[in-house]
Amino acid sequence: MVRLAPRAREEIVNDAGRPGPESRRSFGSIQGIVQGVGFRPFVYQLARRCGLTGYVVNTPVGVDVEVEGPKEDLERFFAALRDEHPPLAHISAIERIDDLPPEHRARFEIRESRTGEARSALISPDVSVCGDCLRELDDPRDRRYRYPFINCTNCGPRYTIIQDIPYDRPLTTMGRFVMCAACRAEYEDPEDRRFHAQPNACPRCGPRLALHDAAGNPLACGDPLEETIRRLRAGEVLAVKGLGGFHLAVDAARHDAVSRLRRRKHREEKPFALMVAGLEAARSLARIAPADAEALTSIQRPIVLVEQRDGHGLSPEVAPRNRLFGLMLPYTPLHHLLLREGGFRALVMTSGNLSEEPITIADEDAFLRLRGVADAFLVHDRDIHLRSDDSIVRVVGGVPRQIRRSRGFVPVPVFLHEDLSALPPVLAVGGELKNTVCLTKENRAFVSQHVGDMENLETLDFFRLTVSHLERILEIEPRVLACDLHPDYLGSRYARERGGLPRVEVQHHHAHIVSVIAENRVQGPVIGIALDGTGLGDDGTVWGGEILLADPVSYRRAAWLQPAPLPGGDAAARFPRRMALSYLHRAFGEGLFDLAVPFVRDLDPKEAELVVQMVSRGVRSPLTSSCGRLFDAVSALLGIRGENRYEGQAPMELEAAQDEAETGRYPWETERLGDGRVLMTDPLLRAVVEDLAAGLSPARISRRFHNTLVRMLAEMCRALRDETGLHEVALGGGSFQNVTLFTGLHRALTEDGFTVYSHALVPTNDGGLSLGQAVSAAARFAQMGSGLEI
Ligand SMILES: [Zn+2]
Ligand SMILES: [Zn+2]
C-alpha cells in the first residue's frame, strides 16, 4: 500500500490581528458531510475573511470550530458557514455555544484531529466536475488541459472509489497512483483547492484512458478519446467506463446506431437515457422549465425526465411511443470532452448491461459481458469499487422527485424525526423490484443506491456487496433486520439466513406509507394511500390499491380497490390484455364476449378462453386489489397497450394518451366489509365499455378514468376524516409516478383542507420501501422490545 506523508504538520496560521477588547468567543459543532469535501480550508479562509481568530478541527462526528472576534463578525461568519459552504458539504446541524470568555488567540489555525480522522463522519456522494476544474480542462496552458480525470475537493468521485474508511487515498481505488511532486504540493497546501483532495491526479501521475477492440484486446491508437469520437460518428456502439459503471454509447441522431444498440442489448422499447452537451442542447430536444434546468445543472447531474419537442431530429428508437426524454448533462471531465469535441447533438448513454442485470464496472467483466454488444471499449485504470447507476428525477409540482436514487445522492442520509434518534440501528433489505437497502443510525437513514430487480444471481451478489460495504463505511452494526412479509423475496430469505438478529416483517404498503411519513419527519397517524402494482397483504392476497390508517408501528386497512383475479399470478403484469379480460369477466361474466367493443372483437379466442377459464375457476389466479393492474386493464381495453415490454408501460401510455380538456368521470360504489370499505370499480368498467361502444375516443376515456380515481380517493379520505378526525394524508407507491393521478389527488385533497405528504428525496416506487421498512421496524422494536422472533 502506498504510504502518504504523515498528517501531522505544523499548525497553519493566518495573519488576522489580535482581537480587540470587545471581542467574544463562540464554539460551533458542525455535523453532516464536512470531511473530505474541503470544509476545513473553507472555514480557515472564511475566518480570515471575517477577521476572526480561533481554530477548526475534525472530530469523530464532524467538525468543531472556535472563533473569536466582534459579535457582528461572528454572526457574519456563522451565516456564511451555512450559506457558502463548499458544494459537496452538507450541514445537517450546527450546535453553537456563544458568549464564552475571550481567550485572545493570536491567529486562526487548522488543527490536527484529536482523535484521528473521523470514522463516523458522513461520506460525500460522487458529484459532477466543478467549474474551476472545467476551466482548467479547457485551458491549453494548464497542466491538466484535456485531462479526463481532473478533480478537486469540490468535485469528482467519492462513494464509488471508497473501499474502506477513513476516507483517505490508500483506502480508495486511487491508492495505487503515487502523486507527483506538483500534485502532492497541491494536496498539502491548505490554500489550494486540492488540499486533501484524495483522488487528486494529473496526466503525469494519474489514471489514463485506453481503447480496446470488440474482443477486449488493446487497440494501438494515438488518442483514445479521438478514436472513440471517430467510431461514435461512424455509428459504432462504444462501451464507456464512467463514474459508477459502464455506459453503452451511440450517436442518438443515427437511427442505424440506435437500432443496433437496441437489438444487441435485447431492449425492446424501454427509453434510452441521453447525454447532451449543455442546457442549450437540452432545450433543442425538450421543453425545459426553470426547475428542470435547475435539476439538470445541479451538482448531482441526474437524468431528468422532460417532455420531448416535436421535430427533435433524434432517432425515434431512442424512446419509442414515449413523449418523454431522459436527459442528463456531462458529469465527468471525460463526458465533457466526448460531447464537446465530438460535437454530438446527443449521445445515448444507457447502462452498460444486458437487460435487468446490474451495470458492469470492471474492465475484464465488461469485455466478457458486453461482448457482442459493444464494438469497442473506452476504459481507464481507476477502478470503480462500488457500482452506482445514474439517478433519475422528474420535476412534478416544481419539486424534483426521485425515480431512481443513486449516483450523486447516495450516501447522503435522510434525516428522521428527532424522536426516532433513540431507536436501535436497523438494516432493512427492501423489496423485490427496484431494490434498495437502508441502514439507520440515530436520526439518519442511509438509503443505498439502486440495486435493481432481485431476479438473478448477479443482482443478489450486488445486494450482498452493498449491504456489507455500507455497514463497513458507515460503521453501523444493525441490531434489527427488517424485510417484507413475502417469504420468497430474496431479501426476506437473506434476512432469515443472516439470522442472529431479531427480524421484523413489514407489510409492503405499510412500508410505503411509513416511508412517506419518515421522509417528511412526521409521526402519524395518517390516512395513507398506497397505490402500486404488487405487494403481499396480511390476508394472503395481493394488495396494491390500499388506504391504510397508519403510523410507523401499525396500520388498519380502511379501504381498498375491488379485487380481481390475476390470471397466471405475477405473470399477469406482463399482459395487460389478460387483466382486461379478468376485469371484464368480473363486471360482465360470460357476457363479456358479446360486448360490441374493438377490444373484444380483436381478442385471440384461444387466449381469451384460457384466461376466462382460469379466472372463473380460480386456477392460478390469486385475487388482487392492485391499482397498477387496473391501469393495465384500462390501457388494454382502450386498445392502447395489450402487452408490457417494460414495467409500467401500459399505464404510462394510458396517461400519455389522455385528453386534458375532458372533465367527465365515471360512477363507482363503496361497499362495507367488516370494518373496511371496498371501492367497487365494476360500475366504472361498465361505463368505460359503454363509452367505447358509443365511439368516445380513448383519449377522453383515459381522462375520465383518471378523474374518477382522483374523485373516488379524495371522497374516501373525506369519509375517513369524518370518522377518525385524521386530516393528514400520505401518498406512496409506484402509481404516484403517474403525474395526472398524483397532482390531481394532491390538489383535490389540499383544496379540501388536508395536509398532504409525498416523496421527493426517495422514490415513491419500491426504491423507497427500505426506508419505510427500517423506520417501522425500529419503531416496532422499540415498542415490543425483545419479544420478536429471532
Ligand atoms: Zn473541481
Ligand atoms: Zn500529478
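Conventions we followed
Residues numbered from 1 in each chain as written. Chains lettered and ligands numbered in written order. Predicted model: local features only at pLDDT ≥ 70, side-chain atom pairs only at ≥ 80, totals over all residues. Heavy atoms only, no water. Domains from an automatic or database assignment. Contact = heavy atoms within 4.5 Å. Buried area = accessible area lost by both parts, 1.4 Å probe. Salt bridge = Lys/Arg side-chain N within 4 Å of Asp/Glu carboxyl O. Polar contact = N/O pair within 3.5 Å; in protein donor to acceptor, adjacent residues only side chain to side chain. Core = buried A, V, L, I, M, F, W, Y, C linked by side-chain atoms within 4.5 Å. Buried < 20%, exposed > 50% of the residue type's maximum accessible area, 1.4 Å probe, protein only. Helix = DSSP H or I, 4+ residues; strand = E, 2+ residues; numbered from the N terminus. Donors = N, O, S within 2.8 Å, 3.2 Å for Na, K, Ca; no water. Tetrahedral: all angles 85-135°; square planar, octahedral: opposite > 155°, others 65-115°. Axes fitted to C-alpha atoms, helices over the stretch in contact; angles between N-to-C directions. Parallel < 35°, antiparallel > 145°, perpendicular 65-115°, else oblique. Left-handed = near helix turned anticlockwise from the far one by under 90°. Pairing = 2+ DSSP bridges. Phe/Tyr/Trp six-rings, centres within 6.5 Å; stacked < 30°, edge-to-face > 60°. Lys NZ or Arg CZ within 6 Å of the ring centre and 35° of its normal.

Asks: Residues and numbers for the domain arrangement of the chain, please.
Replies: Per the domain assignment, the segments making up the chain are domain 1 (10-111), domain 2 (123-207), domain 3 (209-392), domain 4 (413-508 + 767-790) and domain 5 (560-757). Relative to domain 3, the C-alpha centre of domain 2 lies at a distance of 24 Å. Domain 2 puts 23 residues into the contact, and the matching count from domain 3 is 25 residues. At the boundary of domain 2 with domain 3, total buried surface from both sides reaches about 2100 Å², with 61% on carbon and sulfur atoms. It is Arg-146, Phe-149 and Thr-160 that lose the most area in domain 2 upon contact with domain 3, and together they represent 27% of the buried surface on that side. Connecting domain 2 to domain 3 are 4 salt bridges. Asp-223 serves as the salt-bridge partner of Arg-146, at 3.4 Å between the closest nitrogen and oxygen. In this assembly, domain 2 and domain 3 are joined by 10 residue pairs in polar contact (both at pLDDT 80 or more).

Asks: How would you sum up the nonpolar core? Please name residues and give values.
Replies: Judged by nonpolar contacts, the single largest core of 69 residues is most densely connected at Ile-527, Ile-529, Phe-599, Leu-731 and Leu-749. Leu-731 has contacts with Val-516, Ile-529, Phe-736, Phe-742, Leu-745, Leu-749, Val-756, Tyr-757, Ser-758, His-759 and Thr-764, leaving out every residue within four places of it along the chain. In terms of nonpolar packing, the next biggest core, distinct from the first, is built from 60 residues, Ile-30, Phe-42, Val-412 and Phe-462 among them.

Asks: Go over the environment of Gly-175, please, and point to the residues and values.
Replies: Position of Gly-175 relative to the elements: it lies in the loop between helix H3 (131-137) and helix H4 (181-188). With 14 residues separating them along the chain, Gly-175 and Ile-161 place their C-alpha atoms 9.8 Å apart.

Asks: Explain the coordination of the zinc ion (ligand 1) to me, and be specific about the residues and the numbers.
Replies: Ideal geometry at a metal gives 109.5 degrees between four tetrahedral donors and either 90 or 180 degrees between six octahedral ones. Within the protein, the zinc ion (ligand 1) binds to Cys-130 (SG), Cys-133 (SG), Cys-152 (SG) and Cys-155 (SG); these donor distances fall in the range 2.3 Å. The site at the zinc ion (ligand 1) holds 4 donor atoms, and with the angles between them running 103 to 115 degrees, its shape is tetrahedral.

Asks: Can you break down the packing of helix H1 (residues 39-49) against helix H2 (residues 71-83) residue by residue, with the values?
Replies: Contact geometry for H1 and H2: axes closest at 10 Å, N-to-C directions at 150 degrees. With respect to H2, the element H1 is oriented roughly antiparallel. Seen from above, H1 lies across H2 with right-handed handedness. Contacts from Phe-39, Phe-42, Val-43, Leu-46, Ala-47 and Arg-49 of H1 reach H2 at Arg-76, Phe-77, Ala-80 and Leu-81.

Asks: I'd love a proper account of the coordination of the zinc ion (ligand 2), names of residues and values included.
Replies: Distances from the zinc ion (ligand 2) to its protein donors, namely Cys-180 (SG), Cys-183 (SG), Cys-202 (SG) and Cys-205 (SG), fall within the range 2.2 to 2.3 Å. Considering all 4 donor atoms around the zinc ion (ligand 2), the spread of angles at the metal, 106 to 116 degrees, places the coordination shape in the tetrahedral class. Taken in sequence order, the residues that donate to the zinc ion (ligand 2) follow the motif C-x2-C-x18-C-x2-C. Taken as a pair, Cys-180 in the loop between H3 and H4 and Cys-205 in the loop between H4 and strand S7 (209-213) lie far apart in primary sequence, 25 residues in all.

Asks: Account for the pattern of salt bridges, with residues named and values stated.
Replies: Within this structure, the stated rule accounts for 65 salt bridges. We note a salt bridge from Asp-164 to Arg-472, for which the minimum N-O separation is 3.8 Å. Placement of Asp-164 in the loop between H3 and H4 and of Arg-472 in helix H11 (residues 457-473) is noted, with a sequence separation of 308 residues between them. Note on Asp-164: relative accessible area 24%, which makes it partly exposed. Taking the shortest distance from any N to any O, the salt bridge between Arg-577 and Glu-643 comes out at 4.0 Å. Taken together, the residues span a long stretch of sequence, with Arg-577 in helix H14 (residues 576-588) and Glu-643 in the loop between helix H17 (627-637) and helix H18 (649-656) at a distance of 66 residues. Here Glu-643 falls in the partly exposed class, since its relative accessible area comes to 22%. A single network of salt bridges, built from pairs that share partners, joins Glu-268, Glu-269, Arg-321, Arg-574, Arg-577, Arg-578, Glu-607, Arg-641, Glu-643, Arg-645 and Glu-653.

Asks: How would you summarise the environment of Glu-662 if you had to cite specific residues and measurements?
Replies: Residue placement: Glu-662 occurs in the loop between H18 and strand S29 (669-673). Take Glu-662: its relative accessible area is 8%, and that puts it in the buried class. Spatially, the C-alpha atoms of Glu-662 and Ile-701 are 8.5 Å apart, while their sequence positions differ by 39 residues. Leaving out residues up to four positions away in the same chain, Glu-662 has contacts with Arg-700, Arg-703, Arg-704 and Asn-707. Here the side chain of Glu-662 touches Gly-664 through a polar contact of 2.9 Å, landing on its backbone nitrogen.

Asks: Give a detailed account of the sheet that holds strand S18 (residues 414-415), specifying residues and quantitative values.
Replies: Ordered by their spatial adjacency, 6 strands build an open sheet running S18-S21-S20-S19-S22-S23, and the pairing between neighbours is mixed. Looking at the sheet topology across the chains shown, the edges are occupied by S18 and strand S23 (503-506). The pairing of strand S19 (residues 426-428) with strand S20 (residues 438-441) spans 2 bridges and is classified as antiparallel. Pairing of Leu-427 across the sheet is with Leu-439, part of S20.

Asks: Provide a residue-level description of the packing of aromatic side chains, including the pertinent values.
Replies: The full count for this structure, using the stated rule, is 9 aromatic pairs. Ring plane angle 85 degrees and centroid distance 5.3 Å describe the contact between Phe-77 and Phe-78, whose orientation is recorded as edge-to-face. Just above the ring of Phe-272 sits the side chain of Arg-262; from NZ or CZ to the centre is 4.1 Å. In this structure, Arg-387 is placed above the aromatic ring of Phe-462, and the distance from its NZ or CZ to the ring centre is 4.5 Å.

Asks: With reference to specific residues and values, describe the pairing of S29.
Replies: One ladder, built from 5 bridges, connects S29 with strand S30 (residues 676-680); its direction is antiparallel. Among the inter-strand pairings, Arg-672 is bridged to a residue of S30, identified as Arg-677. Following S29, the chain reverses through 2 residues before pairing antiparallel with S30; Gly-674 in that reversal takes a positive phi of roughly 60 degrees.

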